[in-house]
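Architecture and fold: a report
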Amino acid sequence: SIPGSEMGLRAFDPESLFCPYPTSTHIEELCASIFRSHRETSQYCVEELQILRWKIFSREEVLAYQNKSMDEMWQLCAVRLTDAVQYVVEFAKHIPGFRQLGQNDQIALLKSGSMEVVLVRMSRIFNMENSTVFFDGKFAGPELFKSLACGDFIASVFDFSHGLCALRLTEQQVALFSALVLINADRPCLEDRDRVLRVRKDVELAFTHILHRDNQESLLHKLYQKVALLKNLCSLHIEKLRWFRQYYPVTVHSLFPPLYKELFVSDTDTHTMVTL
Ligand SMILES: CNS(=O)(=O)c1ccc(CNC(=O)c2cnc(OC)c3c2cnn3-c2ccc(F)cc2)cc1
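Before going into details, it helps to say that this report is about the structure given with it. Keep in mind that what you see is a predicted model, and the values were worked out from it rather than measured.

Reading the values: rules and limits
- Residues numbered from 1 in each chain as written.
- Predicted model: local features only at pLDDT ≥ 70, side-chain atom pairs only at ≥ 80, totals over all residues.
- Heavy atoms only, no water.
- Near = heavy atom within 4 Å.
- Polar contact = N/O pair within 3.5 Å; in protein donor to acceptor, adjacent residues only side chain to side chain.
- Areas by Shrake-Rupley, 256 points an atom, 1.4 Å probe, with all protein chains shown as cover.
- Helix = DSSP H or I, 4+ residues; strand = E, 2+ residues; numbered from the N terminus.
- Nonpolar A, V, L, I, M, F, W, Y, C, P; charged D, E, K, R; others polar.
- Buried < 20%, exposed > 50% of the residue type's maximum accessible area, 1.4 Å probe, protein only.
- Pairing = 2+ DSSP bridges.
- Axes fitted to C-alpha atoms, helices over the stretch in contact; angles between N-to-C directions.
- Parallel < 35°, antiparallel > 145°, perpendicular 65-115°, else oblique.
- Left-handed = near helix turned anticlockwise from the far one by under 90°.
- Contact = heavy atoms within 4.5 Å.
- Core = buried A, V, L, I, M, F, W, Y, C linked by side-chain atoms within 4.5 Å.
- Salt bridge = Lys/Arg side-chain N within 4 Å of Asp/Glu carboxyl O.

Looking now at the site of the ligand. By nearness alone, 19 residues border the ligand, and Gln-43, Tyr-44, Arg-121, Arg-124 and Phe-134 come closest of all. Note that an oxygen atom of the ligand is positioned 3.0 Å from one of the backbone N or O atoms of Tyr-44. With the chains in place, 95% of the 670 Å² that the ligand exposes on its own is no longer accessible. Those elements that provide at least two residues to the shell around the ligand are α6 (70-93), α7 (103-122), β2 (132-135) and α8 (151-166). Along the lines of polarity and charge, the residues of the shell around the ligand split into 14 nonpolar, two polar and three charged.

See below:
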């Protein structure tokens, strides 16, 4: 991070005054720890993203991406997506109660929820003024991803980011919404659904607590509508991956990150996540 930006600007970040340290109630402590985990596992803080905002790829740089072969661009995105997912895995591990779940349930929640949380976080790195997203060091429009041949999926990712960005969530709301997306007791293949439900109930209480405190209860149903969109986006991602893998099985098998394969390629049995 940019030296000094951390303490200087952050000290006046109004949100940090709301849950500065664990207060008396369990729910407020939960808010504080989820907010802390989110901040500590975001590759860039809001201030840094503000400064990076106007670092946009030039026409030549965009052309260089568009001239990449399909498998080269897919490989680059798989690597970048896995970077972002790794931070989400760290975020999950710091959600109170997540580590107490069974190992298989932790993996099941990450398999089904990590891409969704990456998409929620993408609203933080989206610039509504020029509809660009921070990717590979600068801000890029959808046209940069042309050689993926997934125009509809990329357009949907940009639309989703735009829509979520428009809700102007605070960092604490992003943190708690991300935890809510991840701790979902309706996910497939959970062994101890009740235990997940107990953790989920606490996160729901924390989320409604801060929405009430922010006087923004109206956000709740809007965000639940976004959850349905997230599900579709993730299915589209898996569909595109299956399509790509038909043409480039060796690229997926030998050049995609193991964590990406474990999370998104259904029939692989690699266990990189055992390092949870
Ligand atoms: C997680 N912390 S954070 O601070 O919110 C944070 C998060 C992320 C990044 C860096 N950006 C990305 O990783 C990223 C941005 N946009 C994308 O797509 C629009 C990305 C990205 C990674 N994979 N893909 C992608 C996925 C599937 C596909 F078909 C094409 C691209 C920086 C900072």
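Resuming the write-up.
Attention now goes to the pairing of β2. Judged by which residues are buried, β2 turns out to be covered on both faces: Thr-132 and Phe-134 on one side and Val-133 and Phe-135 on the other are all buried. Alignment of strand β1 (residues 126-127) against β2, held across two bridges, turns out to be antiparallel. Note that in β2 the partner of Asn-127 across the bridge is Thr-132. Hairpin connection between β1 and β2: a loop of four residues separates the two successive antiparallel strands, and Ser-131 in this loop has a positive phi of roughly 45°.

Before going further, it helps to spend a moment on the packing of α7 against helix α11 (residues 219-247). The N-to-C vectors of α7 and α11 enclose an angle of 115°; their axes lie 10 Å apart at closest approach. Considering their axes alone, α7 and α11 lie roughly perpendicular with respect to each other. Between α7 and α11 lies a crossing whose hand is right-handed. Contacts between α7 and α11 involve Met-115, Glu-116, Leu-119 and Val-120 from the former and Leu-230, Lys-231, Leu-233, Cys-234 and His-237 from the latter. Within the contact of α7 with α11, the residues separate by chemical class into six nonpolar, one polar and two charged.

Attention now moves to the sheet that holds β1. Hydrogen bonds along the backbone pair up the strands of a sheet, which may run parallel or antiparallel. Across the sheet, which stays open at both edges, the three strands sit in the order β1-β2-β3 with antiparallel pairing between neighbours. Every other strand in the sheet has two partners, leaving β1 and β3 (138-140) as the edge strands with one partner each. Where β2 lies against β3, three bridges are found, and the strand directions are antiparallel. Of the residues in β3, the one forming a bridge with Val-133 is Ala-140.

In terms of nonpolar packing, the biggest core is built from 87 residues, with Ile-34, Met-73, Leu-119, Leu-144 and Phe-145 touching the most fellow members. The greatest single-element share of this core, amounting to twelve residues, is contributed by α6. Apart from residues no more than four positions distant in its own chain, Leu-119 is found in contact with Val-157, Phe-160, Leu-230, Leu-233 and Cys-234.

With that settled, the discussion passes to the pattern of salt bridges. Counted under the stated rule, the structure contains eleven salt bridges. In this structure, the salt-bridge partner of Lys-201 is Glu-204, at a minimum N-O distance of 3.5 Å. A residue pair is termed a helical-turn pair when its members lie 3 or 4 positions apart in one helix, as Lys-201 and Glu-204 do in helix α10 (residues 193-213) at three residues. When salt bridges with common partners are traced through the structure, they connect Arg-80, Asp-83 and Asp-136 into a single cluster.

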